[in-house]
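Understanding the architecture of this molecule
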Amino acid sequence: MNISNIDYEIAIVGGGICGLATALALHRKGLRSVVLERAESLRATGAAIGVWTNGWRALDQLGVGPMLRQKAMLIRGFREISVDGKTIRVIPNGKEEHRCLRRSDLIEALAVQLPPQTIHFGCRIVSVEIDQVTSFPVLHLHDGSVIRAKVVLGCDGVSSIVAESIGLKPPRISRIIGMRGLTTYPKGHGFSNEFIRMKEKCLLLGIVPIDDKLVYWFISRPRLPKDSGVSREPKVLIEAMVEEMKDFPAEITEMVKNSDLDSLSYTQIRYRAPWDLLWARFRIATMTVAGDAMHVMGPFLGQGGSAGLEDAIVLARCLAKEICLSNDRNLRNRVEIRLDMYIKERKMRILMLSATTYLVGLMRGDSSTAKMVLILAIVRIFFGNRLSHAQYDCGRL
């Protein structure tokens, strides 16, 4: 099917977690959309994703929560361990639900619920404009074809073409780099169902079990001058990181050595600063953004994916008030009002998340003790307890 010869009502740019969740939320509300994905198949960059209570609430609204809970164990708390294996502190999660999902499991669960022909692969958008006659968006693809839509939703991640088109500033580059992957233990890993963290100087290691045999791990540290010349070949990356982990227990370095090379990712963390979000304009005509395209943030709270799921629920709920996207002359104005409702509802939430994540990220480097105490005090006073971000409820679809 030549998709460039069809005018669409709702086009979603990007087939990641947020894009597929948005398409499914719209489908549940009776609105048909198409997802334009640049890759040739479903992709799940990033190995795994931690989902807190707020994210599970959104997944339950989408109808995939019960299915996905069967694929990931419940994480009951947080344990900080010194490099010599001694426990420093243990903090239970209390009533909050926290599980770590393989991204591929989440992506597939969302995609399989969509009607046939919803996802179109190999659609690389190179530019977006507003038609001067109709005032609706026009998408230009890399092969020269053109797609017209009444509504365009940019769920195309950190390097979002849609975000650029509506005038959002490019994400800032953090001084933190991250490496993450999955390790399989055929005979069982033996880790408890806790989020484990170990730190040696400025290198932070996190371990989260997914099930009895699969573990998600991540490493973060401040960027160093030598990083610019590091090969992105997985084996080379692992060797370099293991060398930096020479003071860690042997079983931990073996975990990194034995990771699935296909799951490995190495990135410099990017983010939208809270003050950029405060003054940002998130809509032009009938075009807006969601997920990382709207509010990419560091991984320090583990809320990026869950916030994108929240976006999907709220966006579909607002657009569903115009359940019939007819061709009457007031359609554009009605849709713009609904998109503004979505932005208004989401703005304070993402500002709070971004501000908290930014402050916590400041402590991931080589901050002084006095500075860390000050940041902790600010976070506690203005943003509540350590799990308040997980208690948010985006409401019913």
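See the structure above.
Quick look at the structure, then. Every value quoted in this text rests on a predicted model; they were computed, and no experiment measured them.

The relative placement of two packed helices comes down to the angle between their axes together with the axis-to-axis distance. As a packed pair, helix α1 (residues 17–28) and helix α4 (residues 103–112) sit with axes 9 Å apart at the nearest point and diverge in direction by 25°. Considering their axes alone, α1 and α4 lie roughly parallel with respect to each other. Here α1 and α4 pass one another in a crossing that is left-handed. Where α1 approaches α4, its residues I17, L20, A21 and L24 are matched on the opposing element by R103, L106, I107, L110 and A111. In the contact of α1 with α4, the residues fall into eight nonpolar, no polar and one charged.

Glancing now at the sheet that holds strand β14 (residues 214–222). The mixed open sheet is built from seven strands, whose spatial order is β5-β4-β12-β13-β14-β11-β15. The open sheet has two edge strands with one neighbour each: β5 (87–92) and β15 (265–271). Averaged over all pairs of adjacent strands, the angle between strand axes in this sheet comes to 20°, irrespective of strand direction. Looking at chain direction, strand β11 (residues 172–184) and β14 are connected through nine bridges and run antiparallel. Across the sheet, L182 pairs through a bridge with Y216, a residue of β14.

Before going further, it helps to examine helix α11 (residues 331–362). Three or four residues apart is the spacing at which side chains of an α-helix point the same way, because the helix has 3.6 residues per turn. In this model, α11 (32 residues) spans 45 Å end to end at C-alpha, consistent with the 46 Å of a helix rising 1.5 Å per residue. The sharpest bend along α11 reaches about 35° and sits at R346.

Now for the pattern of salt bridges. According to the stated counting rule, one finds 21 salt bridges in the structure shown. A salt bridge links R283 to D340, with the nearest nitrogen and oxygen atoms 2.7 Å apart. Taken together, the residues R283 in strand β16 (residues 283–284) and D340 in helix α11 connect sequence positions 57 residues apart. Its relative accessible area of 16% is what places R283 among the buried residues. Overlapping salt bridges, with partners in common, bring together D60, R69, E97 and R99 in one network.

Conventions and cut-offs
Residues numbered from 1 in each chain as written. Predicted model: local features only at pLDDT ≥ 70, side-chain atom pairs only at ≥ 80, totals over all residues. Heavy atoms only, no water. Axes fitted to C-alpha atoms, helices over the stretch in contact; angles between N-to-C directions. Helix = DSSP H or I, 4+ residues; strand = E, 2+ residues; numbered from the N terminus. Parallel < 35°, antiparallel > 145°, perpendicular 65-115°, else oblique. Left-handed = near helix turned anticlockwise from the far one by under 90°. Contact = heavy atoms within 4.5 Å. Nonpolar A, V, L, I, M, F, W, Y, C, P; charged D, E, K, R; others polar. Pairing = 2+ DSSP bridges. Expected span 1.5 Å × (residues − 1). Bend = angle between axes of the 7 residues up to and from the residue. Salt bridge = Lys/Arg side-chain N within 4 Å of Asp/Glu carboxyl O. Buried < 20%, exposed > 50% of the residue type's maximum accessible area, 1.4 Å probe, protein only.

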